[in-house]
Amino acid sequence: MIRTTCPYCGVGCGIVATPNGRGGAGLAGDPEHPANRGRLCSKGAALDETLGLGDRLLHPEIDGRRVSWETALDTVASGLRETIARHGPEAVALYVSGQLLTEDYYAANKLTKGFLGTANIDTNSRLCMASSVAGHKRAFGSDTVPETPPGWISALSRRLDPNRDPATLWRRTILQSRAAMARDEETLLPS
Ligand code: SF4
């Protein structure tokens, strides 16, 4: 049994992994972890499906057939060239990963703005964090995430209204359930 952490979002839920000896593992929320107390959201609960290589795209493919990188790149380039020739550069948009390095973002922006001739590029970084930053500002007056889950959850339970701040809590379903529990517990405390 291995205690580890879900890699997906900043909640950092604890996971207990039990390797099955065939490259996979059974996964469950760690009941002793302070961030999630054994809970996992749908993404964390499906982590075991990502452990194998069977369903991963490991090589370039066109129409389901493996091709060389040269063929794949030529196909993409000619598709972009034809689209721009027919409809103009504004017909092209790039939506790139939030996991790139700064130099990668520079190269992607250079390609889009300098060579394709459009400003239509955005990244998952902005969409991923926009609702969180808005929620943190509203809850804590700053977009700095508090250090400890108990303080965070207590503050969330008091300051965030799920009806007014659905985006933040929707993206942090584990925090949402912890905040709801904290709110219930505080409601039950004698005043
Ligand atoms: S809330 Fe979900 S995605 Fe985020 S760390 Fe926990 S299990 Fe993973």
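These figures come from a predicted structure and were not determined experimentally.

Basis of the calculations
- Residues numbered from 1 in each chain as written.
- Predicted model: local features only at pLDDT ≥ 70, side-chain atom pairs only at ≥ 80, totals over all residues.
- Helix = DSSP H or I, 4+ residues; strand = E, 2+ residues; numbered from the N terminus.
- Contact = placed C-beta atoms within 7 Å.
- Pairing = 2+ DSSP bridges.
- Axes fitted to C-alpha atoms, helices over the stretch in contact; angles between N-to-C directions.

### Some details on the environment of Tyr 95
- Here Tyr 95 is to be found in strand S6 (residues 94-96).
- Counting along the chain gives 13 residues from Tyr 95 to Ala 108, while the straight-line C-alpha distance between them is 9.9 Å.

### Structural notes on the environment of Thr 123
- You can see Thr 123 is positioned in strand S7 (residues 121-123).
- Taking C-alpha positions, Thr 123 is 5.7 Å from Gly 98, a pair spaced 25 residues apart along the chain.
- Setting aside anything within four residues of it in sequence, one finds Thr 123 in contact with Val 96, Ser 97 and Gly 98.

### Re the sheet that holds strand S2 (residues 14-19)
- Strand order in the open sheet made by the 3 strands is S1-S2-S3, with antiparallel pairing throughout. Only two strands of the sheet have a single neighbouring strand rather than two, namely strand S1 (2-5) and strand S3 (25-29). Averaged over all pairs of adjacent strands, the angle between their axes in this sheet comes to 35°, without regard to strand direction.
- Pairing of S1 with S2 involves 4 bridges; the strand directions are antiparallel.

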